[in-house]
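# Analysis of the macromolecular model
Below are the chains, spelled out letter by letter.
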Amino acid sequence: MPSKIHILQPDLANKIAAGEVVQRPASVVKELVENSLDAYATKISVIVKEAGKSFLQVIDDGEGLSSEDALLAFQRHATSKIATSEDLEAITTLGFRGEALASIAAVAQVEMRTRQEHDDTGTLIRIEGNELKENTKTGMERGTSITVKNLFYNTPARRNFLKTRTTELKNISDVVTRMAIAYPEVAWFYTSDDEPLLDLKPTSPEGRLKDLFGERQFEGLVKVHEKTEYLSMDGFIGKPNFARKSRVEQYLFINRRFIVNKAINHAVFHAYEHLLVKGMFPFYTLNISLDPRHIDVNVHPSKMEVKFENESNIYRFVLSVIRRTLGANDLIPDLTFKSDETFTQFEERLRFSQPSPNRIQPFGSPSAATPNVSRLSPQDSFAEVASSMEADHIDLDQLFGKVERRIADDSMRRDGEVTFPADFKTSGTAPQSRIVPHQALRAAGEQEPVIETRAIWQIHNKYILSQVRTGLLIVDQHVAHERILYEKILANFENSLPTTQQLLFPHTVELNASDYSLVKELAPHLEKIGFDIKLFGKNTVVLEGIPADVRIGNETKILQDVLDEFKNNEHNQTIDARDKIAKSFACKAAIKAGDKLNTTEMIVLIDQLFATSMPYVCPHGRPVVVKISVEELDRRFGRT
Amino acid sequence: MKFTVACSELQKALSKVNGVVPSKSTLPILENILFSLSKNMLKLVATDLEVSMSATIEVRGSEDGTIAVPAKRLMETIRALPDVQLVFHADLSANKIKMITETGEYILMGESSEEFPSIPQFKVEDKIVLQGDMLRRMINRTIFSVSTDELRPAMTGVLLQVKENELRAVTTDGHRLVRINYTGLKTSKLKRDIIVPAKALSLVAKSAEEGDNTLSVDSTHVQFTFGNTTLTSRVIEESYPNYESVIPLDNEKTLTVNKDLLLASARRVALYSSSTTHQIRCSMKKNELKIAAEDADFGGEAKEKIACSYTADELEIGFNSTYLIDILSHIDSDEIEFKLSTAVRAAIITPAKQKPNEDVLMLVMPMRLNA
């Protein structure tokens, strides 16, 4: 009887393997571009036709290959990138599996031209369906050019699965965009059907973002930089008003490799908290660098996933850094029409903040809560924009005075979080800094007199107006108070001992096996927040008491909510129900529109507002503060 | 449609049915009261689709008809008028209502009676007779602990059980429970237990009259009849939680205390309890009850001592002060008795001396004390 099992023919085996690596033209682009980057290319061109279905070419000026290596490169498991299994533990290149070229060659007609710096001639290799069709010498510049024609010509099933041209092209563009963000020092040239889509010169990370997303979008970004011994994180996050309705503009890189990671994504999203209206997602591009030994990229052939040695630490790190960055930046919606602003005006604003290094010195020392906060570096242009914005707070500071005292006895601050604009704090440690901006103003030829202190008015018993140097600040008194109370209540929740209301009719809750083990695991924590739970066995728990501050009814649902909350985000320590209570209580207890406030009350309100962790939006996500710049006023009055 | 009536008469009838009119409704017609005149009898009907109420009064009718009258404006007008004779005249084709007194004329726009939802037909299947004052008393003692949790509809009503000459009412919201028994009734029994929505019963408590009132039941509704007024309500078709099983029988620590003293004391101390949990602690040792509260949020605290009679082991137990105050203010007895067991088990509160034919039991779940 003939044996049933036999070894597959190499070409068939390769086709199967190709299925994992080469799913669509975009994956080919990704593999080839990664090779170029691993070969230290400084200029990469991506040329596609018919969304890469018929023609796709990646040209680089990298190291190139010798003629022997060129041939070997198409063998399965052939790579120059790793050699030993130790190398696999600490991958520093983008590729390492040694599969890409073989896989691509198995399902397309591939032509490779490559030349090393010191070689006399280049090599041209043509392979179709893993069969060598041509191997000759050719003349060319240093580097490698790989042309992939008629992708999936021999696997019709796969070809039929390709999406429309628009979709496939978008996928390719996404790949190129991600790479371009991660490698700003590389020049990128990208055309589709002879139409140039991107032509990017080597530049700084900031410059690359400006080139890709435009000046206007860039202005809505806040720089993120944080470094610890274990890892560092750099990048930009979007201000809440630049949030999008989808997650498309979220770029996460680990050691400059684009990856998808739900946990980190959630950490960023969570850091925004109520800054975002429901259904909106923040823009971000973040690169986390850490020792490759602490991560495992070898999870999936497409390398879009990474396993972390310690994911929850990274989660906390990202969460706190983003939160801090948001808290330290001016998020006041500005009513200027940015598109109208000329670059000269923009520069002028920069000039005002020249002496800013004084103010942006690290402020961690007095609180010790934030030892690792690196401040925005003054030399880079973005930081200057940010600090020129922050300069407003100096005026606020002068307006309302006594900020230091407030900070000193501010008890609402949570550990490890910067809860108010940096300037408030620095003013405590560097008193002279408050004078500096005004000297700077005069130096800059600014005619505006020093602002009269206590310039504050209430209009319609509803809004508080106050003058700041760059314009007019408008505060909605109700939401401002709401924000203050909300944080106060949450702080109280955290500090007070939990109380448990025992139930008359214990609720028997049947959980699924995973929830049950979660309850088991979380039992001490659940007790801490006020649940009285008895494990009954067989995936059943009996709820005998609930947190006393939770509304009567749907006790079971509250437990379920808490569990879900834990599943989605194991680091959250509060319960949603409490958050809701805090919100509704804050809303009810806050002063209403229509309540008359005297000057002292207004000052205290503004003082307290800017002492909260997020003075710019109320717990429900409505804006608290709106700023109208002098430029905008001038424009409105036709003074420009 | 035309009739003449004394304002005070009309007002009396209106104020009974007006309680049913919903203050806001997606169905605007429900904000009307239906007037139907047949000879000298005027019938007023109001409904919120769950509960309907009708009252009949005698008027001097001259032209039969029926029309829906806007409840709020009508009610306010009648209330504002002195007790004068009022001629009510409705032009049914235009739905225009004219009310004429000797000195004034008030015109308001009504709605066609056809718009008004029809009141469910009620077929009496079972019937008992209850004394008005007892009914009122029973409702007032129980209704405060009805649940407002729409997810557990059974608990949003009052459970009524009528056994051999005994009526029992039970309410609970899952944190406290009230059970009242009346014995010695000259009535038979109801075939099944019914759960009556709280709104219906609070209206009953307002309208119940001295003397005999009837309670009748059909398959889906319950009807109360007092004099010329009837109230019909849908019953809550859910099974009531097994309340008997949660009333502990073995609470052996007994504390007897003056109710007014305790109530006043609890009210004062509660002012210092946390505004979110309302927790107060009761510590009892030999013949002494100590009530204390502290408000961690705003840093206040209060404590009081009350003399009581208590001989069991020392016990400290926490309560939601609102629950405790609610319960104490619904017991009318000079002395009350607590029956307790541990700090996490239900506390039973009863009048030290029950009224004749009445047995009141109130129960409250404690709050677990932390540290």
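Here's a quick rundown of the structure. (Residues numbered from 1 in each chain as written. Chains lettered and ligands numbered in written order. Predicted model: local features only at pLDDT ≥ 70, side-chain atom pairs only at ≥ 80, totals over all residues. Heavy atoms only, no water.)

### Describing the overall build of chain A
For clarity, the threshold we go by: A run of H or I in DSSP counts as a helix once it spans at least four residues, and a run of E counts as a strand once it spans at least two, with each numbered from the N terminus. Buried means the residue's accessible area, taken with a 1.4 Å probe over protein chains only, is under 20% of the maximum for its type, while exposed means over 50%, and partly exposed covers the values in between. Surface accessibility follows the Shrake-Rupley procedure with a 1.4 Å probe radius. Residue values consider only the protein chains on display as shielding.
Within chain A, the secondary structure is distributed over 22 helices and 22 strands. Taken across its 640 residues, chain A has 54% of its residues classed as buried. Surface accessibility of chain A: about 29400 Å² in total, with carbon and sulfur atoms responsible for 52%.

### Some words on the overall build of chain B
What counts is decided by this rule: By the convention used here, residues are in contact when the closest approach between their heavy atoms is within 4.5 Å.
Scanning chain B from terminus to terminus reveals 6 helices and 28 strands. Restricting to contacts in chain B with at least 6 residues of sequence separation, those with at least 24 account for 66%. When the accessible surface of chain B is totalled, it reaches about 17000 Å², and 49% of it is carbon and sulfur.

### So, the sheet that holds strand β3 (residues 109-115) of chain A
Residue and element names in this part refer to chain A. Note the threshold: A pair of strands counts as paired when DSSP detects no fewer than two bridges linking them. In this analysis, axes come from line fits to C-alpha atoms, helices being fitted only over the stretch in contact, and the angle between any two N-to-C directions falls in the range 0 to 180 degrees.
Spatial strand order, β5-β4-β3-β6-β2-β1-β7-β8: 8 strands in an open sheet with mixed pairing. Where the open sheet ends on each side, the last strands, each with one partner, are β5 (131-138) and β8 (195-200). On average, adjacent strands in this sheet sit at an angle of 10° to one another, irrespective of strand direction. The sheet contact formed by strand β4 (residues 122-128) and β5 spans 7 bridges and is antiparallel. Paired with Ile 127 across the bridge in β5 is Leu 132. Contacts from helix α5 (residues 100-107) reach β3, β4 and β6 (143-149), with the element oriented near 140° to β3.

### Remarks on helix α8 (residues 205-219) of chain A
Residue and element names in this part refer to chain A. As a reminder, the rule being used: A helix's residues, less one, multiplied by 1.5 Å, set its expected span. Across the chain, bend at a residue is computed as the angle between axes fitted to the seven residues ending at that point and the seven starting from it.
Relative to the 21 Å expected for 15 residues at 1.5 Å per residue, α8 spans just 14 Å between its end C-alpha atoms, considerably shorter than the ideal helical length. Of all the bends in α8, the greatest measures close to 115° and is centred on Phe 213. The complete set of buried residues in α8 reads Glu 206, Gly 207, Arg 208, Leu 209, Leu 212, Phe 213, Gln 217, Phe 218 and Glu 219.

### Comments concerning a nonpolar patch on the surface
Residue and element names in this part refer to chain A. Heads up, the rule is: Put simply, a patch holds well-exposed residues, over 30% relative accessible area, that have no salt bridge, with like charges counted together within 9 Å and Val, Leu, Ile, Met, Phe, Trp or Tyr side chains within 5 Å. Salt bridges are identified by distance alone: a Lys or Arg side-chain nitrogen within 4 Å of an Asp or Glu carboxyl oxygen.
Nonpolar side chains collect at one region of the surface, where Leu 8, Leu 12 and Ile 16 lie side by side and expose about 260 Å² of accessible area between them. Looking at the secondary structure, you find Ile 16 in helix α1 (residues 10-21). With a relative accessible area of 54%, Ile 16 lands in the exposed category.

### Points about the interface of chain B and chain A
Note: interface size is frequently given as the accessible area lost on complex formation between the parts. What counts, and what does not: Once two parts are put together, the accessible area they lose, assessed with a 1.4 Å probe and summed over both, is termed the buried area. Under the grouping applied here, Gly and all other residues not named as nonpolar or charged are polar, the nonpolar ones being Ala, Val, Leu, Ile, Met, Phe, Trp, Tyr, Cys and Pro and the charged ones Asp, Glu, Lys and Arg.
Each partner contributes to the interface: chain B provides 27 residues, whereas chain A provides 22 residues. With both sides pooled, the region where chain B packs onto chain A buries about 2200 Å², and carbon together with sulfur makes up 60% of that total. Linking chain B with chain A are 1 salt bridge. Here Asp532(A) makes a salt bridge to Arg368(B), at a shortest N to O gap of 3.7 Å. Split by residue class, the side of chain B that touches chain A holds 12 nonpolar, 9 polar and 6 charged. Here strand β19 (residues 500-510) of chain A pairs with strand β28 (residues 367-368) of chain B via 2 bridges, running antiparallel.

### Digging into the side chain of Thr191(A)
By the secondary structure assignment, Thr191(A) is in strand β7 (residues 187-192). Look past the residues within four positions of Thr191(A) in its chain and what remains in contact with it is Val46(A), Ile47(A), Val48(A), Pro196(A) and Leu197(A).

### Comments concerning the pairing of strand β8 (residues 96-100) of chain B
Looking along a regular strand, one sees the side chains alternate between the two faces of the sheet. Residue and element names in this part refer to chain B. Side-chain alternation along β8 places Ile 97 and Met 99 on a buried face and Lys 96, Lys 98 and Ile 100 on a face that remains uncovered. By the bridge criterion, 5 bridges tie strand β7 (residues 85-91) to β8 in an arrangement that is antiparallel. Across the sheet, residue Ala 90 finds its bridge partner in β8, namely Ile 97. Two successive antiparallel strands, β7 and β8, enclose a turn made up of 4 residues, where Asn 95 displays a positive phi of approximately 55°. Taken together, the 5 bridges between β8 and strand β9 (residues 105-109) define a ladder with antiparallel strand orientation. Bridging across to β9, Ile 97 finds its partner in Leu 108.

### Considering the sheet that holds strand β3 (residues 41-47) of chain B
Paired through their backbone hydrogen bonds, the strands of a sheet run either parallel or antiparallel. All names here are of chain B. Reading across the sheet, the 9 strands line up as β10-β6-β2-β3-β4-β18-β17-β16-β11 and stay open at both edges, with antiparallel pairing between neighbours. The open sheet is flanked by β10 (111-112) and β11 (126-131), the only strands paired with a single partner. In this sheet, β3 lies alongside strand β2 (residues 32-38) in antiparallel orientation, the contact comprising 5 bridges. Counted as the bridge partner of Leu 34 is Val 45 from β3. The strands touched by helix α1 (residues 7-18) are β2, β3, β4 (51-58) and β18 (229-234); relative to β4, the strand with the most contacts, the crossing angle is about 170°. Relative to the sheet, helix α2 (residues 71-80) contacts β2 and β6 (65-70), its axis offset from that of β6 by approximately 85°.

### Structural notes on the nonpolar core
Our working rule: Side-chain atoms within 4.5 Å link the members of a nonpolar core, which is a set of buried Ala, Val, Leu, Ile, Met, Phe, Trp, Tyr and Cys residues.
Ranked by size, the top nonpolar core spans 102 residues in total, and within it Leu10(B), Phe35(B), Leu42(B), Phe88(B), Leu215(B) and Phe224(B) carry the most contacts. Per-element tally for this core: the top contributor is helix α4 (residues 198-207) of chain B, with 6 residues.

### Looking at a positive patch on the surface
As a reminder of what qualifies: Under the counting rule used here, the positive set is Lys and Arg, the negative set is Asp and Glu, and His together with the chain ends is not counted. For the purpose of locating charges, the reference atoms are NZ of Lys, CZ of Arg, CG of Asp and CD of Glu.
On the surface, Lys285(B), Lys290(B), Lys303(B) and Lys305(B) cluster together into a patch of positive charge. Looking at where Lys305(B) falls in the secondary structure, it is placed in strand β22 (residues 300-307).

### Focus on the pattern of salt bridges
In a structure, side chains of opposite charge can pair up when their charged atoms sit close to one another. Residues and elements named next belong to chain A. Using the criterion set out here, one finds 42 salt bridges over all chains in the structure. Across the salt bridge formed by Glu 206 and Lys 223, the nearest N and O atoms sit 3.0 Å from each other. Of the two residues, Glu 206 sits in helix α8 while Lys 223 sits in strand β9 (residues 221-227), which places them 17 residues apart along the sequence. Of the two residues, Glu 206 and Lys 223, neither departs from the other in class, the shared state being buried.

### What to know about the pairing of strand β22 (residues 625-629) of chain A
All names here are of chain A. Counting buried positions along β22 gives 4 out of 5 residues, so the element sits mostly inside the fold. Across 5 bridges, strand β18 (residues 471-476) lies against β22 in antiparallel orientation. Looking at β22, one finds that Leu 472 is bridged to Ile 628.

### Thoughts on unusual backbone geometry
Residue and element names in this part refer to chain B. Of note in the backbone geometry, Leu 49 takes a positive phi value of approximately 80° without being a glycine. Assignment of secondary structure puts Leu 49 in the loop between β3 and β4. Although it is not a glycine, His 278 adopts a positive phi angle of roughly 55°. Summarising the element assignment, His 278 is placed in the loop between α5 (259-270) and β20 (279-285). Under the relative-accessibility criterion, His 278 is labelled partly exposed at 28%.

### Here we look at α5(A)
Note that an α-helix has 3.6 residues per turn; residues three or four places apart therefore point the same way. Here α5(A) lies mainly inside the structure; 8 of its 8 residues are buried. Those residues of α5(A) that fall on the buried side of the exposure criterion are Ala100(A), Leu101(A), Ala102(A), Ser103(A), Ile104(A), Ala105(A), Ala106(A) and Val107(A).

### Remarks on the environment of Glu76(B)
All names here are of chain B. Checked against the element boundaries, Glu 76 lands in helix α2. You can call Glu 76 partly exposed: its relative accessible area is 42%. For the pair Glu 76 and Gln 11, spaced 65 residues apart in sequence, the C-alpha to C-alpha distance is 9.8 Å.

### Observations concerning the packing of helix α2 (residues 25-38) of chain A against α5(A)
To describe two helices that pack against each other, one gives the angle between their axes and the distance between the axes. All names here are of chain A. Keep this limit in mind: Angles below 35 degrees are treated as roughly parallel, those above 145 as roughly antiparallel, those between 65 and 115 as roughly perpendicular, and all remaining angles as oblique. The crossing is said to be left-handed when, going from far helix to near helix, the turn is anticlockwise and less than a right angle, and right-handed when the turn is clockwise.
Contact pair α2 / α5: the axes reach a minimum separation of 10 Å and the direction vectors enclose 140°. Of the possible angle classes, the one that applies to α2 and α5 is oblique. Our pair here, α2 against α5, has a crossing hand that is left-handed. On α5, the residues touching Val 28, Glu 31, Leu 32 and Asn 35 of α2 are Ala 100, Leu 101 and Ile 104. For the contact of α2 with α5, a count of residues per class yields 5 nonpolar, 1 polar and 1 charged.

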